[in-house]
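Examination of the molecular architecture
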Amino acid sequence: MSISRHFANLWHRLPAMLFCLLLPLGASSQSLFADGFEELNDKSAARFLDQATFGPRLQDIARLRQLGYQAWLDEQFAAPTSLQKAYLDWIRLTLQQGVYQSQRQEAWFIHASQLYNPSNPLLTHNDQLRQRVAFALSEIMVVSDKNAALLFQPWALADYHDTLARNAFGNFRTLLEDVTLHPAMGRFLSMLGNRKNDPVLNIRPDENYAREILQLFSIGLDQLNLDGTPVLVGGNRVPTYGQDHVRGFAHVFTGWNFINCTVAQYSDCAPGNPYEEEWTSPMAPVEAFHDNTTNKQLLVYPGVALPNGLLIAGGNATQELDAALDNIFNHPNVGPFIGEQLIQRLVTSNPSPAYVARVATVFNNNGQGVRGDLKAVVRAILLDEEARHGHEGVPTTFGKLREPITKLALLWRVAPGISINGRVFRWSHVRDEFGQLPLSAPSVFNFFKPDFAQPGEIRDAGLVSPEFQIATDTQLVTAPNYLGWRIMLFYVGSRYSVVWENGAPVPEETLFDYSALKLLAADPPALIDHLNLVMMSGRMTPFMRNLLITRLNGTPPDNIPGQPSGAPQDVPLWRVQQALYLIVNSPEFNIQK
Amino acid sequence: MNFNRREFLRRSIHSALGGATLFSALGNLQLMAAAAKAGNGGIFPDYKALVCIFLNGGNDSFNTIVPFDATHYGIYQATRPAMAINQAAVAALALTPQPVQPGLPGGPPSDGASYGLHPSMPELRALFNNQHAAIVANVGPLLGPITQAQYQNGSHPAPPQLFSHDDQANFWQTSRPDDANANGWGGRIADLLFDGNPNQQLPMTMSLSSQSLFQRGASIDQYVMSANGVETIDYLGTYQNQLGAQTFNALIADGVQAHMFERAYARATRRSIATYQMLQAALNPLPTWTTPFPNNSLGAQLRQVANLINVRGPTGLNMRRQIFYVSLGGFDTHDDQLLTHSGILATLSQAMHAFHQATVQMGIASQVTTFTASDFGRTLSTNGDGTDHGWGGHHFVMGGAVRGGRFYGSMPSLLQNGNPDDAGYGQIIPTTGVDPYAATLARWFGVDNAGLADIFPALGLYPSADLGFIAG
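Reading guide: rules and limits
- Residues numbered from 1 in each chain as written.
- Chains lettered and ligands numbered in written order.
- Predicted model: local features only at pLDDT ≥ 70, side-chain atom pairs only at ≥ 80, totals over all residues.
- Heavy atoms only, no water.
- Helix = DSSP H or I, 4+ residues; strand = E, 2+ residues; numbered from the N terminus.
- Buried < 20%, exposed > 50% of the residue type's maximum accessible area, 1.4 Å probe, protein only.
- Contact = heavy atoms within 4.5 Å.
- Areas by Shrake-Rupley, 256 points an atom, 1.4 Å probe, with all protein chains shown as cover.
- Lys, Arg positive; Asp, Glu negative; His and termini not counted.
- Charge placed at Lys NZ, Arg CZ, Asp CG, Glu CD.
- Pairing = 2+ DSSP bridges.
- Arc of directions from axis to C-beta.
- Disulfide = S-S within 2.5 Å.
- Salt bridge = Lys/Arg side-chain N within 4 Å of Asp/Glu carboxyl O.
- Polar contact = N/O pair within 3.5 Å; in protein donor to acceptor, adjacent residues only side chain to side chain.
- Buried area = accessible area lost by both parts, 1.4 Å probe.
- Nonpolar A, V, L, I, M, F, W, Y, C, P; charged D, E, K, R; others polar.

1. A few points about the overall build of chain A
Helix and strand content of chain A: 25 helices and twelve strands. C-alpha atoms of chain A, sized along the principal axes, occupy 80 × 60 × 55 Å. When burial is assessed residue by residue, chain A has 61% of its 593 residues classed as buried. In chain A, the share of contacts with a sequence separation of at least 24, taken over all contacts with a separation of at least 6, comes to 71%. On chain A, roughly 21700 Å² of surface is accessible, and the fraction owed to carbon and sulfur atoms is 56%. With 46 positive and 56 negative side-chain charges, chain A shows a separation of 3 Å between the mean positions of the two kinds.

Here it is, written out as structure tokens:
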């Protein structure tokens, strides 16, 4: 950041800073910004950023307070898109090293934690909101490297994530088409290579993609009201489609393969190498395998463009795909179905029907007659009265369990992650410890389902808690252990053998830079209050705060892990580690509220 | 069908946890179930375990159990020209079924064909031919028996959203296609019988393969553990960290969280700790198995199940009834089926064999019954190099109590055209419901008639509530 821009920031911050000084601590301002929202204090800004980013740093809080919500959103909408594929290309072409799925993981963390990017040092990854929405979309329109056909295709998956990021603020119709034609999806749900009927061989079009695009990516199984509640007829739910419709779409989705594929090679057009353009280019039609002789039954709903939802035979693969995606896109379920899941990923597991209806209304029409404008949808989700104040209305149930992978992303924002050469991991990448990694779900049904309800109090209350599905007895041990391993041993100056070799840090391993936090650690309450703001939006209870301060005032062990032998006892280091570990594994932190 | 009643039951059970189960219908059933157990204050006198192997993705059982006599192979080959297993390879793994016993179900396949197993399954073939395993034909979720005509003209209800993975897998695991909120039938058995275990802290239901709907209960929550052993929270055992451990425990203590989700998170963490402490103590040292388990995920899961069963006694986990859930993935063979299916069926066959041998080694083969389940069978028709989501499919049951070496139920036709079992596009209409399949296992496990009626409310719609594949 240049000096002049820095001053400009300060200048804009001044009124807000002065304003806060005049208010008693904790009193929320009733004053309004020009955009109609009340003045932000540090806590309310941090809380918003907890929903819209991978965690608020002090400079993020300052920026938001300076701009206000609307201008901050506009800035995020305009920020350049961070792309994973470029990072993989750099490793292959410049470093001439192997690229596997863990390199995709590196890129994800560089973007989410805004780490230094060695593939393009001038790049600063400022598209936090885009990356968070893309991650949310990756849990709705799922492809996964757990699938054997994609395990060794890191470029395909990186480019798929990039596709979600590019479309995060675009139109849902475009997103749906880009997802449909991506070769990663084509392989994952076997639309790639799908072919028309062959009565001699008793071959029928594959129904896999047809079923999942309807059930999971767009409309769901049951007809929904605008507010996301199911339409009931005689007390029963009403299906959105049946087997005839699945069959219709399956016939539409025939004749698609990798680019550069020919009729003769149709059954085997896969390129020889994972970095070849076939894996990152939209699939292309091979008309000889497209069904152009049967009428296709597509969805039927009020106002459907196709008469009785019937697509009359004769169109080519592209024409029919367009018609079918239009048919899905205009179904009234899409707004509430997708809107509610995005709310769940960003804000709260149990939005009120009215909140869902407000978001779905914006999906249906962004105010300028455009349907499916995701920029407007994201804005509506984050600026909704319920997103901003729901925790005051229903303080004991509002919010969501944090996703495990985001906890490491957050930690590298709280204590900056740095490595000597900019790489993120040598051997220490996340494996199964979190039960979750980007684009690595066990199946198309994601890591967790939107309606999972944790047995016990949550389920008895009729609420859902999707992320609890992976908070298994196992993960509740392995995730704290993995995070603890990194907090206790992966820090600048550590002599731990995994990060320190031959008298120097291992260049590829990302270490926590605790220097700023250690300055605060001389005063345990100051350290806790700071971490409370950037990790918990200032919502830590006095009970927890007192426990932590007592802990930090306790006695360190004789040997702090990773310290060189004979070094003087580094009490500030130990305090920072204890505070981070205890907060990141506490019930209070783990519920984003 | 009766959401309010299920909801009521769930609430009453939950509120009664740790207290009296007064006035709750299931509470009464639990009392009755307890009374039905011989002596010991409702504690089961013997040990039994049910092991569910879920084949994720929908196993193509029509390529798992294949006819090889000329007539039936000809039909099969004509229907699946692009996907047929080699005739001689199937014949090499021929199944030799036991003759019918008068008055008892089971015997040679109903269609008179000669069947063999997929060439990658020699171990399972030996288990069948040695009468340690049986085949239950064409099982799938139903709302009572249904004919082709009834299905096609809609005159009899069928489960909603057939052919969808999620839904059919759910139906298999709940056996309640009529109730989207139902618990799993393994979990419902545990709700009913949990007080038959001397150890009340360890759940009757354990999953080696993440949260399973099959084991979700109203009052009993499955324990999910890793196949690779018991991992403990490092921080709590760190040297000179007593105050740290105290702080960690104080933050997750009962009664200190204001937010419902925080309480749930704290409760889950406490439970995880209490259970791993118990398991860690019990599982040390580990036994040596004379038949090695295959070195893959299913092998590791079943080895861990064997390890757990091995310490069932009073000096170990002190359990008398346990239900285990393991799974094997990759069965959604839309692509490259001939290649991928071979590998996973080999894994299944080898792992089941090793597990059975472990139960023999422990001397409790007749007290452990293993069964397969899957999302669905696959379509008879193919998509060129794979098959699509179907409905009914064949399944294996294994154990010393199983009346093995027999086929149970009706083998479907494999005809491409004019097939009386075809729902319309090569999806085979099940002739045996999940209800009687599951009820047969549950009855053996110790659920009485009243309990069966509660767990499987549609059971009365079927000609028999007991398929007879377990002795006694």
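2. A closer look at the pairing of strand E8 (residues 368-374) of chain B
Residue and element names in this part refer to chain B. Counting buried residues along E8, seven of its seven residues qualify, which places the element largely inside the surrounding structure. Pairing between strand E1 (residues 48-55) and E8: seven bridges, direction parallel. Along E8, the bridge assignment pairs Ile53 with Thr372. In this structure, E8 lies alongside strand E11 (residues 393-398), joined through two bridges in antiparallel fashion. From the neighbouring strand, Phe371 faces E11, where its bridge partner is Val397.

3. Some remarks on helix H23 (residues 542-552) of chain A
Side chains that are three or four residues apart share a direction in an α-helix, a result of its 3.6 residues per turn. Those residues of H23 of chain A that fall on the buried side of the exposure criterion are Met544, Leu548, Ile549, Arg551 and Leu552 of chain A. The arc that holds the buried residues of H23 of chain A, viewed along the axis, is 160 degrees, so those residues lie on one side. Looking at the packing, one finds that the buried side of H23 of chain A touches helix H22 (524-536), helix H24 (571-584) and helix H25 (587-590) of chain A together with helix H9 (242-251) of chain B.

4. Some words on the state of the cysteines
Residues and elements named next belong to chain A. Under the definition given, this model contains one disulfide over all chains. In this model, Cys261 is linked to Cys269 through a disulfide, with the two sulfur atoms separated by 1.9 Å. An S-S torsion of about 75 degrees defines the bridge between Cys261 and Cys269 as right-handed. Among the residues examined, Cys261 registers a relative accessible area of 14% and is labelled buried.

5. Structural notes on the side chain of Lys407 of chain A
All names here are of chain A. If you trace the backbone, Lys407 turns up in helix H18 (residues 404-414). For Lys407, which is buried and forms no salt bridge, the nearest opposite charge comes from Glu403, at a distance of 11 Å. Polar contacts involving the side chain of Lys407 include one to the side chain of Asn590, which spans 2.8 Å.

6. What to know about the pattern of salt bridges
Residues and elements named next belong to chain A. In total, this model carries 37 salt bridges over all chains according to the counting rule given. With its nearest N and O atoms 2.6 Å apart, the salt bridge here joins Asp326 to Arg173. One end of the pair, Asp326, is in helix H13 (residues 317-329); the other, Arg173, is in helix H9 (residues 172-180), with 153 residues separating them in the sequence. Assessed through its relative accessible area of 35%, Asp326 is described here as partly exposed. Residue Glu403 is joined to Arg345 by a salt bridge in which the shortest nitrogen-to-oxygen separation is 3.8 Å. Here the residue Glu403 occupies a position in the loop between strand E7 (400-401) and H18, and Arg345 occupies one in helix H14 (residues 334-346), the gap between them amounting to 58 residues. Accessibility classification places Glu403 together with Arg345 in one group, the buried group.

7. Section: the interface of chain B and chain A
Each partner contributes residues to the interface: chain B has 71 residues there, and chain A has 74 residues. Between chain B and chain A, roughly 6200 Å² of surface is buried when both sides are summed, and carbon and sulfur atoms account for 56% of that area. Looking only at chain B, the three residues that lose the most surface to chain A are Leu251, Phe261 and Tyr265 of chain B, adding up to 14% of its buried area. When the shortest N-O distance is used, the salt bridge between Arg267 of chain B and Glu457 of chain A registers 3.4 Å. Sorting the residues of the side of chain B that touches chain A by element identifies helix H1 (3-16), helix H7 (165-174), strand E6 (223-224), H9, helix H10 (260-282), strand E9 (378-382) and strand E10 (387-389) of chain B as the ones contributing at least two each. Of the residues forming the side of chain B that touches chain A, the biggest block, 13 residues, is contributed by H10 of chain B. Here the residues of the side of chain B that touches chain A are counted per class, giving 25 nonpolar, 30 polar and 16 charged.

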